[in-house]
Structure formats: structure tokens, C-alpha cells
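# Report on the structure
So the chains spell out like this:
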Amino acid sequence: MSVADPMSPLKMTVATSSPSELAHRPSRAAIWKSALLDRASLIIPCVMLIGLLLVYASLRDGVFTLDELNLDTAAAMTLILAATGQTIVLLRGGIDLSIGGMISLGTVLAATRFGTDPAQAAAWAFGIVAIGGLVGALNGILITALRLQPFLVTLATWSILSGTAMIILPTDGGSLPSGWTMFGVSTKLGLSSSVWLLAVLLVFWIWFKRTRLGIAIRATGSNERSAFLSGVSPIGINIATYGLSGIFAALAALYLTTQTGAGSPTIGKDYILPSVAAAVIGGISLFGGRGGLVGTIIGAFILTIIGNLVFVLEVSSYWQPIVSGIILLVAVLASSIAEKSARRSLS
Amino acid sequence: MNIRRHRAILLAYLGMIILLLLTSVVAPGFLSATHLRSTAVLAAFIGIVALGQTFVIIGGGIDLSVPWVLNSAAVLMTLLANSQDAPLLWIVPMLLAAGALVGMINGLGVAIFGVPPIIMTLAVNVILQGGILVYTGGAPTSTAPKAIQFLAVGRIAGFPVVLILWIVLAAFATILLSKTAFGRHLYAVGTSATVAEFSGVPTLRTTVLAYTLSGFTAALAGMLLTGYTAQAYLGMGDPYLFTSIAAVAIGGASILGGTGHYIGTIAGALVLTILTGLLPALNLSSGALLIVYGVVILVTVSLASEALSSLFAALPRFGRQRGPAA
Amino acid sequence: MTELLNATAITKRYGGITALSRADFSARAGEVHALLGENGAGKSTFIQILAGAVRPDGGTVTLAGSPYRPRDPQEAQRSGIAPVFQELSLVPDLTVEENIWFRHEPLSAVRTVRARAMREATLELFARHRFPSIRPDQELRRLTLAERQVIEIAKALSRDPKVLILDEATSALGPQETEWLLGLARGLADAGSLVIYISHRLGEVREIADRITVFRNGATVAAYDTQAVDDETIITDMLGRRMDRLYPERKKTSTDTVALGLRGFGVDHRLSDIDLDLREGEVLGVAGMQGHGQRELFQALFGIGGSRGTVDVWGKPKTIRSPRQALTGRDGLALVPEDRRNHGLLLAKSVRENLTLSVIQRFTRFGITDPRREGALVDEMIATLKIKTGTPEQLAGTLSGGNQQKVIFGKMLLTEARILLLYDPTRGIDVGTKGEIFQLMRDLAAKGYAILFYSSDLAELVHVADRVAVLRNGRLAAILEGEQNSERQILRAAMLETRAA
């Protein structure tokens with residue numbers, strides 16, 4: 001309930017149905033202002049990341065080197081993959097808690113089934129990704145057919161998948177082929193395979209966001225009713241969205257095993273809420289329809305750099321969650337304020 | 001009583017009774033007074049945490065800060081009391097107030113700044129987690145004072161004290177939800193915050209109060225739980241995020257808000273605890289327990305969902321009047 | 001020319017309410033065919049059936065000679081029927097061009113949308129139909145309502161429809177865009193398409209329609225060539241016999257006491273310099289074309305959105321920044337809002353809970369609610385307003401529209417506020433309930449209530465209100481009373497500077 005705004009000539013012409021309405025064009029400055037406010041949800045995390053990097057660089061040498069890029073990308077990659085799936089679900093206006101269970105299940109399957117035969121390992125790797133897709137599709141079917149809330153359905157499937165992981169491998173352990181765990185270490189052109197993987201992911205996203213499916217997911221998150229009226233299938237979109245989320249959770253699990261060299265039935269829960277946090281810091285709206293993977297990747301790097309900073313500052317590592325939480329709140333508040341003023345400058 | 005509207009809660013109790021009957025078949029000793037009592041005591045901890053969660057969810061939100069509000073209260077109490085009873089006189093009220101304050105901050109963030117509840121309470125949770133870890137250095141703390149242990153495991157005339165406490169709280173919550181203006185307002189806000197606002201409901205105050213209550217009950221449960229385990233440890237609150245939400249969902253509340261009741265949550269807490277106790281007796285691992293949890297949540301929320309009730313309505317025998325939805 | 005679209009004896013019922021009882025409609029390719037009727041005559045239901053959004057209970061539709069029974073809107077579109085609804089089907093977070101081509105985007109070899117092809121197609125579409133200039137790469141949510149309406153039309157045209165349905169498409173448009181749209185419709189018809197044109201503006205209809213079909217109470221009552229009929233005949237057919245008993249006898253009950261006095265009242269740029277006195281015992285009508293400030297006036301008086309200027313309530317200045325500050329018992333103001341489903345009612349809650357939502361303190365003692373006292377209030381209100389509900393526990397969402405509106409009235413009357421703000425309280429409500437609501441308003445006025453009453457139906461203002469304040473461009477254009485209070489005078493005042501309809 002705000003106090004009346006002072007009248008501005010811009011508003012006058014935009015909102016009344018006077019004859020000049022469509023003929024009127026806002027000034028160049030106004031266009032710039034609203035364009036900035038419009039992109040605030042991406043600009044804010046960019047500024048945050050640059051700020052953190054500058055602080056980091058002031059404390060330590062060699063921050064802006066390829067080695068550092070390789071290291072940080074490797075550290076962030078599992079979260080980035082998990083958050084990619086989460087981003088797709090959030091864009092559709094849902095949420096996927098089950099990725100925690102899927103990541104756990106993926107690592108224990110990899111650690112117990114890969115064996116030493118590369119062909120067998122490859123087959124299982126594909127198998128794990130397929131399981132991820134199927135579990136996600138099942139989430140989508142349950143949500144649509146029973147008209148249940150995504151939060152509850154994926155909470156339940158998280159529990160089921162975690163339980164399955166614990167039955168397969170009750171405690172951390174198992175083993176992976178040595179070639180598999182070399183993945184993160186190998187480099188090409190000075191860039192680690194993690195960085196190349198990130199590049200592949202970006203290429204995927206540039207492709208995906210321009211497919212009909214990519215547009216439909218965003219549209220459904222933006223206005224479900226309009227999207228369905230325009231011919232988007234309610235069950236199809238949910239199967240695709242949550243299926244993709246499951247696939248990316250499986251990929252995150254596989255990547256994680258290249259780093260840890262073992263399976264863990266409980267590790268997945270460490271990625272559920274951070275995946276949401278990375279996306280939200282990166283400007284994805286929880287109400288759906290707005291944001292993209294680039295923001296999420298920046299968000300994941302922000303969370304990773306916070307870890308580095310806490311390390312070089314030689315303070316307790318327990319400061320990491322505190323700073324992450326504050327960054328999360330600041331990002332959400334800043335973008336909600338920007339959104340409000342963007343709306344006001346247009347209403 | 002309008003059966004249709006309380007169907008979800010009735011289902012939760014029906015499920016609980018079926019579960020108890022099943023228990024008596026597969027593990028006869030489980031229906032003994034001793035076992036029932038210990039089950040109820042364990043359920044009380046879930047039930048107390050889920051009390052605040054019930055209010056928040058009915059109001060259309062969710063509280064993910066429960067684990068570390070609980071854990072913070074537990075750790076701070078043992079640290080400050082240093083196993084002495086006397087300081088509890090100021091420590092307990094202070095920590096309850098601190099829990100309520102954290103809840104109030106959650107509520108203000110959600111109601112004033114429009115931060116999505118998931119994000120607001122998640123951020124508060126990790127900030128508390130980090131704060132407590134930094135404060136304690138991650139080391140375990142001293143044992144719980146005797147008085148707290150009495151509250152958690154002691155008995156009065158053979159009846160567990162914590163159960164008495166739970167019954168009192170349950171009565172309080174039931175009156176609050178069913179018999180006060182605050183309860184009415186909470187259901188209205190959870191059903192539609194806009195309609196509530198247009199009807200003159202104090203939406204801000206109502207939302208903040210629900211989160212405040214949740215912070216209070218989480219802090220209370222944290223201290224009681226310390227008495228039960230005789231010690232506070234880091235991570236002791238983690239299971240309660242899942243169980244508090246699951247108890248509310250099994251108890252028939254919609255996660256979208258506006259429906260449900262603490263009476264249902266009680267059944268939800270009992271169902272979860274009975275399952276926890278039953279599975280070891282069946283030689284099932286904790287993995288199997290998680291699977292069963294998941295299936296139980298899916299089944300109960302499906303049974304309570306509108307999709308299934310419209311299916312029931314389509315059957316003539318179950319048919320209920322369905323006017324034009326205009 | 002042969003008939004392109006033929007509908008015979010279409011019926012449709014929603015629960016107990018008959019939306020269409022016997023609708024016939026027949027139109028040929030190459031014409032603009034106007035569909036006229038009062039609100040609730042069944043026009044919307046009929047075009048929803050054509051658009052595949054609703055399935056008829058009975059009757060047949062043929063399109064180009066073959067049976068036409070679309071299962072969903074997509075099938076209707078594939079058959080060449082494109083509707084432009086008032087309720088838009090656009091997505092706020094997609095760009096203009098993404099919206100226009102949504103689900104029909106031109107694809108590249110790797111299945112991505114060809115941005116350049118889409119841009120060219122958009123510009124070509126805009127140029128072909130001489131669209132007002134709108135940047136294709138803007139996100140839709142940054143567009144004004146009028147611009148969105150234009151894009152909705154572009155979306156429909158992008159499918160190259162054989163039949164274009166325009167449902168009140170000009171209501172959100174300014175005069176220039178209206179002119180454009182009329183030309184567009186005429187051009188499409190001349191090029192061989194069928195344009196079904198629904199509008200309340202008879203002037204527009206006269207300008208472009210070749211033929212007219214009139215619906216009344218869910219049935220077709222007349223069809224004629226536009227040239228062969230005069231306005232009086234059309235209006236008589238639309239209204240049927242004037243239902244005079246719809247309106248209660250209007251006795252002057254107002255006193256000299258000012259219940260609500262506004263001085264320099266305004267809401268940002270949308271409402272300015274309103275000086276108005278609402279007297280005790282008076283029904284003061286508010287009129288205006290859509291979007292000329294009446295919504296802002298009502299909402300601001302109820303504390304929604306900011307306002308400036310002074311508000312005196314029963315002679316004392318009052319600050320109202322939230323509905324809570326408006327609903328202050330006998331000295332307060334109560335609003336019956338425009339949007340019944342989103343602002344007025346908790347559809348998933350019972351009639352009882354809705355009725356007493358604003359007055360819980362009236363039956364609360366020592367913090368505890370008393371079901372018996374609540375029941376007494378509820379029963380009394382159900383009886384007074386003759387709310388047709390099975391029990392007070394029936395869910396509000398299952399009531400008919402008229403009874404839902406009565407529940408909202410009841411909720412506001414229970415607050416005992418004696419200044420009532422009624423925003424289009426009879427919209428979408430059956431005739432019987434309308435009559436009851438008008439009677440209730442006059443009865444309340446006789447008891448000393450002061451009522452501010454907006455209606456989109458001018459006849460209601462003329463017959464129920466003592467005086468009518470007309471808004472134009474957010475300013476008070478006229479206050480009409482006595483002989484001056486007529487539909488013609490209201491329209492003149494509301495549209496003097498805009499285009500005459």
C-alpha cells in the first residue's frame with residue numbers, strides 16, 4: 001500500500017487509453033532504465049561474483065589464471081549439473097527435491113556396478129542416466145495425474161531413492177575404475193575436462209533454450225493457463241521437465257564419482273537446497289518463467305568462491321554457510337526490489 | 001461434522017489404526033503398553049516440531065529453518081547451563097524467545113519483503129547452522145541438565161512428562177486453530193491472501209505469528225530432545241525437516257495452505273514413529289524405512305488429493321452434490 | 001455465396017444454469033457477421049464452443065459443409081477457426097514474436113527456433129495487416145493492455161484463419177487502434193474470410209458488419225442484414241420486453257448529512273481532482289468507460305493502492321491505507337469487489353466461514369469464538385439475503401454466481417459499515433438475483449446507508465441510482481440527476497472527447 005506516486009508524463013500516456021497511447025514511445029533514458037531493471041536479476045549476481053573474485057584476488061595470487069579456473073570449475077561442476085536440472089524445473093514453476101535421492105543413487109550404482117571393464121562401466125553410466133530420466137518422468141506423471149504438489153511428490157521420491165541407495169550401499173565406499181577418476185585431472189589446451197564439460201553444457205543450453213520445448217517450459221512457468229490454451233500438453237511438459245531434471249541429477253552423480261572415487265548413499269542431500277540457492281542467486285524466479293542457466297552457473301560459482309574465500313581467510317569453514325545464506329537473501333531481496341520498481345515504472 | 005472436509009484427517013487416523021493392526025500381526029510385542037508408550041514419546045518430539053510447521057503450512061508457507069532452530073536451542077542450552085539446573089530458569093525462556101524471534105524474522109521476510117518462504121527459511125537455516133558451528137567450533141557439548149532430562153524421559157505417576165506436555169500443546173494448538181480469530185485468519189490467509197486482505201484480515205500479523213510459533217516449537221523441541229538423548233550434538237535437528245513436513249502432509253494438510261489441522265498432524269507424527277519402530281522388527285534396514293516413508297507420503301497425499309476425490313464423486317455411490325463451479 | 005459456418009439448436013448447461021437453450025447461427029465466407037446480445041445472453045459460451053474450449057450438450061455445427069466438433073482449442077485452430085478472447089492467451093515472459101508464433105515457431109535443422117525467420121514473419125504479418133508499431137523483441141509483460149490486445153489479434157492472424165472471432169476486441173483499444181481493427185476486419189472479410197464480431201458498440205457494428213445475429217437468454221431471437229434494420233429494432237431484440245419490475249421503486253431517501261466527502265481525491269495519474277459528496281440514504285452511481293478511473297476510485301477508498309486528497313467519513317477526516325482501516329464497524333466503509341473469485345470469496349471455504357470472515361470479533365469472547373453466536377449471525381444473514389445454500393457449511397465455490405455475490409454482500413453487511421462501495425455487483429448474475437440486489441440497495445438506502453455504486457450496465461445506474469457521477473480520463477466529467485440521468489446523457493459525458501460509439 002504505497003503512498004501515491006507523483007505524476008509523471010510517462011505514466012500518463014502509457015496507462016490511459018488516450019489517443020496517443022500506442023503512438024507514444026518512452027524516452028531513450030527510460031528504455032535504458034527499464035532494460036537495466038529488467039536484467040537486474042542477472043546483473044546482481046554478476047556484480048556479486050566480480051566483487052567476490054576481486055576480494056579473493058586481493059588475498060591470494062593467481063586468481064585470474066587457467067589453473068584457478070580449472071580448480072574452481074571442478075569444485076563447482078557437480079552443483080552446476082544438479083542446478084541445471086533444478087533450473088529447468090524452476091523455470092516451469094516447479095521444484096525438484098528428488099535430485100538429492102537421484103544423486104545418491106547414481107553414485108552408489110556407479111561405485112558398485114562399474115567394475116573394471118570399461119564397456120560395462122559405460123553401459124552402467126548410460127543406465128544411470130536412463131534411470132534418472134525415468135524417475136524424473138515418473139515425478140512428472142504423478143504431479144500431473146494426481147494433481148499433487150511438486151514439493152510433496154519429489155519429497156517422497158527423494159526419500160524412496162535415498163532408501164534405495166542405502167540398501168544398495170549402506171555406507172560410503174565402493175570403487176571406481178582408475179580411468180574414470182582421472183576424468184577431472186585430464187586437460188586439453190590447458191583447460192581441464194571440467195571446463196570443457198562446462199562449455200558443452202553452455203552449448204546445450206544455447207540450443208535447448210531455443211527449442212520449442214525450451215520455450216514451452218518457460219511459457220508454462222510464466223502462465224500455465226495461457227500455455228495450455230496455446231496447445232502445451234500438461235502431462236507432456238511435466239514429463240519433459242522433471243525427466244530432464246532427473247537426467248541432470250544422474251549426470252551430477254556421475255561427475256561427483258569422478259571426483260570422490262566412491263559412492264555415498266547420503267551425499268545427495270547436500271545438493272538439494274544448494275541447487276535451488278544457486279539458481280535463485282542467479283536470478284531464477286521461484287514463480288517460474290524467468291531466468292536462465294547462465295545465471296545459475298554464476299550462482300554456483302558464487303557459492304564455490306565463498307568456500308575459497310573462507311579457506312584463504314583462514315577462518316572457520318563454518319563461515320561458509322553463513323555467508324552463503326546472507327548472499328542468498330541479498331540476491332533475492334535485490335531482485336524483488338528491482339522487479340517491483342520495474343513494474344512501477346511501467347504500470 | 002462435515003465428513004468430506006475432514007476426510008483427509010480421518011484417513012490419517014485410519015492409516016494409523018491399520019498400521020497398528022499390522023504391527024500386532026507381525027510383531028506381537030509391539031502392542032504392549034511399554035512399547036506404545038515409548039512410541040508415543042518419540043512421536044511427541046516430531047509432533048512438537050510439526051506443531052509450528054502445521055501453522056506455517058496452513059498459512060500457505062513452509063518452514064525449512066526448523067532443523068537449526070532446534071539444533072541451536074539444544075546446543076546453546078547445554079552450553080549455557082553447563083549441566084546445572086538452576087540457570088535453566090532464565091535459559092529456557094530466553095531460548096524459547098530467541099526461537100520465536102527467528103521465526104518472526106522468517107515471517108517478516110516472507111510477509112513484508114515477499115521473499116518466497118522456501119528461500120527465506122532456507123537462508124535463515126544455513127545462517128543459524130554456520131553461526132552455531134562457528135560458536136561451538138563443531139565440538140560436542142556437555143550433558144543436558146537433570147531437569148531437562150526429567151521433562152524428556154521422566155514420568156509422573158507412570159505417565160511420561162513429555163506426553164503430558166504434548167497433550168497440553170496439542171490442546172492449545174487445537175483451540176488456536178478451531179476456536180480463535182487467529183485460527184480463522186490463518187486458514188483465510190492460506191486459502192487466499194488477497195481475499196483475506198480484502199476482508200480486513202490482518203494478513204501480516206497472522207503470517208508473522210505462524211512463523212513465530214514455528215520458531216518457538218522448534219526451540220522447545222530442541223531442548224526436550226537434548227534431555228532425551230542426554231546430550232546436544234550437531235546435526236540432531238536434520239531429520240526433523242523431513243519428518244515435520246511429512247507429518248503435516250500425512251495429517252491431511254495441503255502444502256498450498258488453507259486446509260489441515262493439528263489433529264491430523266498428530267496422526268502423521270504417530271504414523272511416522274510407528275513405521276520407524278516397526279521396520280527394525282521386520283529386519284528391514286534404514287534404507288527400507290526411507291522407501292516406506294516415501295511411499296506412505298505419496299499414498300496419503302494421493303488419497304487426500306482433489307483428483308481422487310473427484311474420481312470418488314464420479315461414482316454414484318460416493319456421489320456428493322457438486323453445484324456449478326460457475 | 002454459400003454458408004461457411006452453420007450452427008443449429010446448440011444447447012449448453014452448466015449445472016443448474018442454462019447458458020444456451022437454442023442457439024442458431026449461420027454465416028458465410030467473405031462477411032463480417034456481428035453477434036449481439038446482453039451480458040449473459042450466451043454469446044461467450046457460443047464462441048467458446050466454436051473455439052473448442054467448451055463442448056455443447058446438443059445441436060450440430062458444420063464448417064464448410066462437414067460436421068465440426070473440435071475436441072480442444074488446437075483442433076479448432078487446425079480447422080481454421082481463430083478466436084481472440086477478452087481473456088488473453090498470451091504468456092507474459094515471452095517476447096512479442098515468441099508469443100505470436102508460440103507452438104508454431106519456424107524451426108531450423110537442429111530443431112531450434114529460427115529467430116531471423118520468426119522476425120521476418122512477424123514484420124511481414126505486421127506490415128500485411130498494417131499493425132500499430134510494436135517492437136517484436138519486447139517481453140510481453142512490458143506492454144500495455146491495449147498493446148497486448150493487438151498482439152493477441154496478431155497471434156490469431158498468424159494462423160491464417162478462415163474464421164476470425166473478435167470478442168469485444170475493441171474494449172481495451174484506443175480510438176486509433178479501434179479504427180485500425182475495424183479496417184482489418186473489413187479487409188479480411190473482403191479477402192474471403194469470415195469475421196465474427198462481438199461488440200457492445202452499435203456504431204462499430206453498423207460500420208463494418210454485413211449481417212447481425214442477436215442472442216437473448218441463450219437463444220437466437222433474430223438475424224438480419226445490417227442494411228435492412230434500424231438501431232431501435234436491434235435494441236428491442238436484444239432486451240426483449242423491458243423488464244420494468246427488475247428495478248425497484250425509487251423513492252428519495254437521502255438526507256443532507258454527508259456520509260462520504262471527497263476533496264481533491266486522486267490516485268497517481270489515473271484519477272485526479274475528484275470532489276464528491278455521498279449523502280446518507282443515497283445511492284450515488286458512478287459511470288465511465290472501461291479504464292477511466294472508476295476501479296481506482298473504489299479500490300483507493302477501500303485502502304488498496306495509494307491515494308491523495310482528503311476523505312471525510314461521517315464528517316470526520318479518515319485515513320484509509322488498508323482494508324482494515326476501512327472496515328471499522330459502523331463508521332467504516334465496505335467494498336463489494338469487482339473480482340468475485342479472486343478478491344471476494346474463499347471459494348474452497350464454507351458459506352459460514354466466508355460470511356463471518358471480517359467480523360470474527362463479533363462472536364469472540366475472551367479470545368474464544370462462540371459457534372452459537374456465529375451461527376445466529378450466519379442464519380440471520382442467509383435469511384435476510386435469501387442465500388440459496390444447502391447448509392451454511394456448503395462450500396462457497398459450489399454456489400451459483402448470484403448466491404456467491406450475496407455471500408459477499410452478507411460478509412460486508414455483517415461489518416455494519418454504513419457506507420457501501422459496490423463495484424459492478426450484478427455482473428454475470430441472473431436477472432432474478434439482480435432484482436433482489438437492487439431492492440436490497442434501495443432498502444439499505446432507506447435505512448440510512450450511503451451507497452456508491454458502479455455498474456458497467458448504464459441502465460442499472462439510470463434506474464437505481466439517485467445521481468450518477470461520470471468519470472472521463474480519471475476526472476469527474478459530470479454529475480447527472482433527475483431528467484439528466486439517462487443512458488444517452490451518461491454516454492455523452494463519458495465519451496464526449498473520445499469517439500462516439
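In the annotation of an unreviewed UniProt entry, chain C is listed under the name Sugar ABC transporter ATP-binding protein and assigned to Kaistia terrae. As recorded by UniProt, the Sequence similarities (unreviewed entry) comment attached to chain C reads in full: "Belongs to the ABC transporter superfamily."

We now examine the overall build of chain C. Looking only at helices and strands, chain C has 17 helices and 22 strands in total. For a compact globule of 501 residues, the expected C-alpha radius of gyration is about 23 Å, and chain C comes in at 25 Å, within 12% of that figure. Expressed along its principal axes, the backbone C-alpha trace of chain C runs to roughly 70 × 55 × 45 Å. Of all 501 residues assigned to chain C, the portion counted as buried reaches 50%.

What follows is about the overall build of chain A. Secondary structure summary: chain A contains 15 helices and two strands in total. Put simply, of all contacts in chain A between residues at least 6 apart along the chain, 80% involve residues at least 24 apart.

The next subject is the interface of chain B and chain C. The interface is formed by 23 residues belonging to chain B together with 32 residues belonging to chain C. Counting residues per element, the ones that place at least two in the side of chain B that touches chain C are α8 (181-191) and α9 (193-198) of chain B. Class assignment for the residues of the side of chain B that touches chain C results in nine nonpolar, ten polar and four charged.

With that out of the way, let us pick up the domain arrangement of chain C. Interface extent is often summarised as the accessible area lost during association of the parts. Assigned domains of chain C: these are domain 1 (3-242), domain 2 (243-332 + 417-501) and domain 3 (345-414). Between the C-alpha centres of domain 1 of chain C and domain 2 of chain C there is a distance of 33 Å.

Moving on, we come to the environment of Ala86(B). Residues and elements named next belong to chain B. Inspection of the secondary structure assignment puts alanine 86 in the loop between α3 (66-81) and α4 (88-111). Judged by C-beta crowding, with 10 C-beta atoms within 10 Å, alanine 86 ranks as exposed. On a C-alpha basis, the gap between alanine 86 and serine 302 in space is 50 Å, while along the polypeptide they are 216 residues apart.

All names here are of chain B. Contact pair α4 / helix α10 (residues 203-229): the axes reach a minimum separation of 7 Å and the direction vectors enclose 145°. In this structure, α4 crosses over α10, and the sense of that crossing is right-handed. For the contact of α4 with α10, the per-class residue count stands at 21 nonpolar, eight polar and no charged.

The subject of this paragraph is the interface of chain B and chain A. Tallying the contact residues gives 37 residues for chain B and 36 residues for chain A. It is helix α13 (residues 286-304) of chain B that contributes the most residues to the side of chain B that touches chain A, 13 residues altogether. A class-by-class count of the residues in the side of chain B that touches chain A yields 25 nonpolar, eleven polar and one charged.

This paragraph deals with the sheet that holds strand β11 (residues 258-267) of chain C. Strand order in the open sheet formed by four strands is β12-β11-β14-β15 (chain C), and the pairing between neighbours is antiparallel. Each edge of the open sheet carries a strand with a single partner, namely β12 (271-279) and β15 (316-317) of chain C.

A separate point is unusual backbone geometry. Residue and element names in this part refer to chain B. For alanine 230, which is not glycine, the phi torsion reads 70° and is therefore positive. On the secondary structure map, alanine 230 appears in the loop between α10 and α11 (238-250). Overall, the presence of 14 C-beta atoms within 10 Å leaves alanine 230 in the partly exposed class.

Before going further, it helps to examine helix α6 (residues 146-153) of chain B. All names here are of chain B. By the burial criterion, the buried members of α6 are Ile148, Leu151 and Ala152. Within α6, the buried residues cover an arc of 95° as seen down the axis, which keeps them to one side. Those residues of α6 that are buried are in contact with α4, α7 (161-179) and α10.

All names here are of chain A. Of all residues in chain A, 89% have pLDDT values of 70 or greater, and the mean over the chain is 83. Per-element confidence in chain A is highest for helix α12 (residues 234-260), whose mean pLDDT is 94, and lowest for helix α1 (residues 9-15), whose mean pLDDT is 30. Here residues 1-24 scores under 50 on pLDDT; set against residues more than four positions off or in separate chains, the count is 49 contacts.

On to the sheet that holds strand β19 (residues 419-423) of chain C. All names here are of chain C. Ordered by their spatial adjacency, six strands build an open sheet running β16-β19-β20-β13-β21-β22, and the pairing between neighbours is mixed. The open sheet terminates on both sides in strands that have one partner only, identified here as β16 (333-336) and β22 (475-481). Each adjacent strand pair in this sheet contributes to an overall mean axis angle of 20°, direction not counted. Its contacts with the sheet place helix α9 (residues 294-301) against β13 (283-287), β16, β19, β20 (450-454) and β21 (467-472), and it is angled at close to 145° to β19.

This paragraph deals with the pairing of strand β10 (residues 219-225) of chain C. Side-chain positions along a regular strand alternate between the two faces of the sheet. All names here are of chain C. Relative to β10, strand β9 (residues 211-216) runs antiparallel, the two sharing six bridges. Residue arginine 216 lies in a different strand from β10, and its bridge partner there is alanine 219. Hairpin connection between β9 and β10: a loop of two residues separates the two successive antiparallel strands, and asparagine 217 in this loop has a positive phi of roughly 50°.

Residue and element names in this part refer to chain B. At a minimum axis separation of 8 Å, helix α2 (residues 33-58) and helix α12 (residues 262-281) run at an interaxial angle of 140°. Here α12 runs oblique to α2, going by the angle between their axes. In the crossing of α2 with α12, the sense of the turn from one axis to the other is right-handed. On α12, the residues touching Thr39, Leu42, Ala43, Ile46, Gly47, Ala50, Leu51 and Thr54 of α2 are Tyr262, Thr265, Ile266, Gly268, Ala269, Leu270, Leu272, Thr273, Ile274 and Gly277.

Let us look at the environment of Leu284(C). Relative to the assigned elements, Leu284(C) resides in strand β13. Residues Leu284(C) and Arg467(C), spaced 183 residues apart in sequence, show a C-alpha to C-alpha distance of 5.2 Å.

So, on to the confidence of the model for chain C. Here chain C averages 86 in pLDDT, while 95% of its residues score no lower than 70. This complex was scored by the predictor with a pTM of 0.86 and an ipTM of 0.84.

As a further point, take the environment of Ile196(C). Residues and elements named next belong to chain C. Mapped onto the elements of the fold, isoleucine 196 is located in strand β8 (residues 194-198). Given 26 C-beta atoms within 10 Å, isoleucine 196 falls into the buried group. Put simply, isoleucine 196 and leucine 166 are 30 residues apart on the chain and 6.2 Å apart in space, counted from C-alpha to C-alpha. Leaving out residues up to four positions away in the same chain, isoleucine 196 has contacts with Ala27, His33, Leu35, Val163 and Ile165.

Each value, and the rule that gives it
Numbering of residues starts from 1 in every chain and runs along the sequence as written. To label them, take the chains in the order written and letter them from A, then take the ligands in the order written and number them from 1. Given that the model is predicted, a residue must reach a pLDDT of at least 70 before its local features are reported, and side-chain atom pairs must reach 80 or more before they are shown or counted; all residues, however, enter totals for whole chains, interfaces and linings. UniProt positions are given in the numbering used here, feature names are shortened, and annotations may be inferred rather than shown by experiment. Helix numbering and strand numbering both begin at the N terminus, where a helix is a DSSP run of H or I of at least 4 residues and a strand a DSSP run of E of at least 2. A radius of gyration in this sense is built from C-alpha atoms; the matching globule rule multiplies 2.2 Å by the number of residues raised to 0.38. Between the buried cut of 20 or more and the exposed cut of 12 or fewer other C-beta atoms within 10 Å of a residue's own C-beta lies the partly exposed class, and all C-beta atoms are placed from the backbone. Here the contact rule is simple: place C-beta atoms from the backbone, and any two residues whose C-beta atoms are within 7 Å are in contact. Residues are grouped as follows: Ala, Val, Leu, Ile, Met, Phe, Trp, Tyr, Cys and Pro are nonpolar; Asp, Glu, Lys and Arg are charged; all remaining types, including Gly, are polar. An automatic or database domain assignment supplies the start and end points of every domain. Angular values range over 0 to 180 degrees, each being the angle between N-to-C directions of two axes fitted as lines to C-alpha atoms, with helices fitted over their stretch in contact. A clockwise turn of the near helix away from the far one marks a right-handed crossing, whereas an anticlockwise turn of less than a right angle marks a left-handed crossing. Here a strand pair is declared whenever DSSP counts at least two bridges between the two strands. Starting at the helix axis, one direction is taken to each C-beta atom, and the arc is that of these directions. Confidence of the predictor at the level of single residues is captured by pLDDT, which takes values from 0 to 100. In this scheme, roughly parallel covers angles under 35 degrees and roughly antiparallel covers those over 145, while 65 to 115 is roughly perpendicular and the rest are oblique.

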